[in-house]
Amino acid sequence: MAVEAAPQSRGASIEIEHLDKYFGAVRAVDDVSLSIAAGEFIALLGPSGSGKSTILMSLAGFERPTGGRILIDGQDCTYLPPYKRNIGMVFQHYTLFPHLSVMDNVAFPLKMRGISKAERRRQAEAALETVRLAGYGQRMPKQLSGGQQQRVALARAIVYRPRVLLMDEPLSALDKNLREEMQLEIKRLHSELGLTVVFVTHDQSEALTMADRIAILKSGRLQQVSPARELYERPSNLFTASFIGEMN
Ligand code: ADP
Ligand code: MG
């Protein structure tokens with residue numbers, strides 16, 4: 001049994017309006033506006049330091065924007081704490097609790113939300129099944145491969161059926177074969193659960209393979225937002241053209 005499609009598991013729309021974030025004098029995000037449709041899979045693509053993580057952390061509620069607004073399904077969430085946003089997040093380096101079993105790792109967000117033990121177990125098992133790790137609940141994280149650990153992190157991110165899944169370079173620590181397998185896994189999850197996915201990467205080909213649309217960033221500024229194919233065929237400026245061209 002996979003995680004059931006509950007009404008709240010369908011994707012939410014996201015509006016980013018004139019988002020600004022300063023760290024001291026550093027303008028990490030510079031007047032970024034972006035509309036993301038419910039259920040869309042969008043990639044934020046750009047070189048290191050271009051503001052991708054800061055945008056994602058602002059969406060998740062871990063960074064407080066200096067200016068602008070974030071609306072999720074029309075609701076102003078700009079200053080809402082993370083746990084009130086109905087968002088799941090996966091980071092680059094597996095952030096599993098090493099002293100907790102796989103089951104307890106996955107059930108952790110449910111515990112934070114005061115859900116009963118039996119129900120936590122049921123939902124965690126369903127989430128593990130969704131990422132194809134049924135039966136792994138009693139293992140410890142260190143007994144799993146890197147790819148399996150990242151799938152546990154994914155199960156933990158979807159266990160309370162968020163409407164938005166944010167991923168910050170979730171595959172860049174994995175070797176090539178595992179990365180390709182996980183790319184397919186994430187695409188499958190996206191269509192199965194109908195989530196809105198915002199996927200951060202600095203890997204051009206990963207963005208082109210996975211996303212419906214790609215938003216290109218440079219120095220905190222949005223350069224172009226286009227369907228993958230269009231970006232490749234009609235880059236709107238020299239930066240986009242050379243950044244995409246680096247793949248070849
Ligand atoms: P990316 O994820 O695209 O690599 P980041 O969003 O991490 O970029 O960083 C954007 C800019 O903001 C960089 O110049 C980075 O050094 C700076 N920055 C990010 N987080 C902090 C922080 N907590 N304190 C100070 N500067 C930061
Ligand atoms: Mg980053």
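Just so we're clear, the structure is a prediction, and the values are computed from it rather than from any experiment.

The next thing to look at is the overall build of the chain. The helix and strand inventory of the chain stands at eight helices and ten strands. By the compact-globule yardstick of 18 Å for 248 residues, the chain fits well, its C-alpha radius of gyration being 18 Å. Projected onto its principal axes, the C-alpha positions of the chain cover 55 × 40 × 35 Å. The 248 residues of the chain split such that 41% are buried. Taking the intrachain contacts of the chain between residues at least 6 apart in sequence as the baseline, contacts between residues at least 24 apart amount to 69%.

Let us now look at the sheet that holds strand 4 (residues 67-72). Taken in spatial order, the four strands line up as 2-1-4-5 in an open sheet, and their pairing is antiparallel. Each edge of the sheet is formed by a strand with only one pairing partner; in this case those strands are strand 2 (26-36) and strand 5 (75-76). In this structure, strand 4 lies alongside strand 5, joined through two bridges in antiparallel fashion. Bridged to Leu 71 within strand 5 is Asp 76. With respect to the sheet, helix 1 (residues 52-60) is in contact with strand 1 (14-23), strand 2 and strand 4, its orientation differing from that of strand 1 by roughly 120 degrees.

Before going further, it helps to examine the site of ligand 1. The full set of residues close to ligand 1 is Phe 23, Val 26, Ala 28, Gly 46, Ser 48, Gly 49, Ser 50, Gly 51, Lys 52, Ser 53 and Thr 54. Elements supplying a minimum of two residues to the shell around ligand 1: strand 2 and helix 1. Here the shell around ligand 1 takes three residues from helix 1, the largest share from any one element. Here the residues of the shell around ligand 1 sort into three nonpolar, seven polar and one charged.

This part is about the packing of helix 2 (residues 102-112) against helix 3 (residues 117-130). In the contact formed by helix 2 and helix 3, the axes pass within 9 Å of each other and the chain directions differ by 125 degrees. As judged from the angle between their axes, helix 2 and helix 3 are oblique. Judged by the sense of rotation from one axis to the other, the crossing of helix 2 with helix 3 is right-handed. Between helix 2, through Met 103, Val 106, Ala 107, Leu 110 and Lys 111, and helix 3, the contact on the second element is made entirely by Arg 120, Arg 121, Gln 123, Ala 124, Ala 127 and Leu 128. The residue inventory of the contact of helix 2 with helix 3, partitioned by class, reads seven nonpolar, one polar and three charged.

Summarising the element assignment, Leu 44 is placed in strand 3 (residues 41-45). Look at Leu 44 and you get buried, because 29 C-beta atoms sit within 10 Å. Leu 44 has contacts with Lys 52, Ile 55, Val 198, Val 200, Ala 215 and Leu 217, leaving out every residue within four places of it along the chain.

Turning our eyes to something else, we now look at helix 4 (residues 146-158). Given 3.6 residues per helical turn, the α-helix brings residues three or four places apart onto the same face. Look at helix 4: 19 Å from first C-alpha to last across 13 residues, which is about the 18 Å you get at 1.5 Å a residue. For helix 4, a buried count of ten out of 13 residues is recorded, marking the element as mostly surrounded by other parts of the structure. Looking at the buried residues of helix 4, the elements they touch are strand 6 (87-90), helix 2, helix 3, strand 7 (164-168) and helix 5 (176-193).

This brings us to the nonpolar core. One broad rule of soluble globular proteins: the nonpolar side chains tend to lie buried together. Ranked by internal contacts, the top residues of the largest apolar core, which has 64 residues, are Ala 43, Val 106, Ala 155, Val 159, Leu 166, Val 198 and Phe 199. Of the residues forming this core, the biggest block, six residues, is contributed by helix 4.

Strand order in the open sheet made by the six strands is 6-7-8-3-9-10, with mixed pairing throughout. Where the open sheet ends on each side, the last strands, each with one partner, are strand 6 and strand 10 (221-227). On average, adjacent strands in this sheet sit at an angle of 15 degrees to one another, irrespective of strand direction. Taken together, the four bridges between strand 6 and strand 7 define a ladder with parallel strand orientation.

Glancing now at the confidence of the model for the chain. Overall, the predicted model of the chain reaches an average pLDDT of 90, with 95% of residues at or above 70. Low pLDDT, under 50, characterises residues 5-9; the predicted model gives this stretch eight contacts beyond four residues in sequence or across chains. Quick note on the complex model: pTM equals 0.91, ipTM equals 0.98.

It is worth spelling out helix 2 at this point. Inspection of helix 2 places Val 102, Asn 105, Val 106, Ala 107, Pro 109 and Leu 110 among the buried residues, and these make up the whole buried set. Buried residues along helix 2 sit against helix 3 and helix 4. Looking one or two residues beyond helix 2, the residue adopting positive phi is Gly 114, at roughly 75 degrees.

Rules of the game
- Residue positions are counted from 1 within each chain, in the order its sequence is given.
- Chain A is the first chain written and ligand 1 is the first ligand written, with later ones labelled in order.
- Given that this is a predicted model, residues contribute local features only at a pLDDT of at least 70 and side-chain atom pairs are listed and counted only at 80 or more, while totals for whole chains, interfaces and linings are drawn from all residues.
- Helix numbering and strand numbering both begin at the N terminus, where a helix is a DSSP run of H or I of at least 4 residues and a strand a DSSP run of E of at least 2.
- Only the C-alpha atoms count toward the radius of gyration. The rule for a globule is 2.2 Å times the residue count to the power 0.38.
- With C-beta atoms placed from the backbone, the exposure class of a residue follows from how many other C-beta atoms lie within 10 Å of its own: 20 or more, buried; 12 or fewer, exposed; in between, partly exposed.
- Here contacts are defined at the residue level, using C-beta atoms placed from the backbone and a cut-off of 7 Å between them.
- By this definition, two strands are paired if DSSP reports at least two bridges between them.
- Helix axes are fitted to C-alpha atoms over the stretch in contact, other axes to C-alpha atoms as well, and angles between N-to-C directions run from 0 to 180 degrees.
- As a rule, any residue with its backbone-derived C-beta atom within 6 Å of a molecule or strand is reported as near that molecule or strand.
- Ten residue types, Ala, Val, Leu, Ile, Met, Phe, Trp, Tyr, Cys and Pro, are classed as nonpolar, four, Asp, Glu, Lys and Arg, as charged, and the remainder, Gly among them, as polar.
- Roughly parallel here means an angle under 35 degrees, roughly antiparallel means over 145, roughly perpendicular means 65 to 115, and every remaining angle is called oblique.
- Helix crossings fall into two classes, left-handed where the near helix is turned counterclockwise from the far one by less than a right angle and right-handed where it is turned clockwise.
- Here the expected length of a helix is defined as 1.5 Å per residue gap, with one fewer gap than residues.
- Only buried Ala, Val, Leu, Ile, Met, Phe, Trp, Tyr and Cys residues enter a nonpolar core, and they are joined through C-beta atoms within 7 Å.
- As a per-residue measure, pLDDT tells how confident the predictor is, with possible values from 0 to 100.

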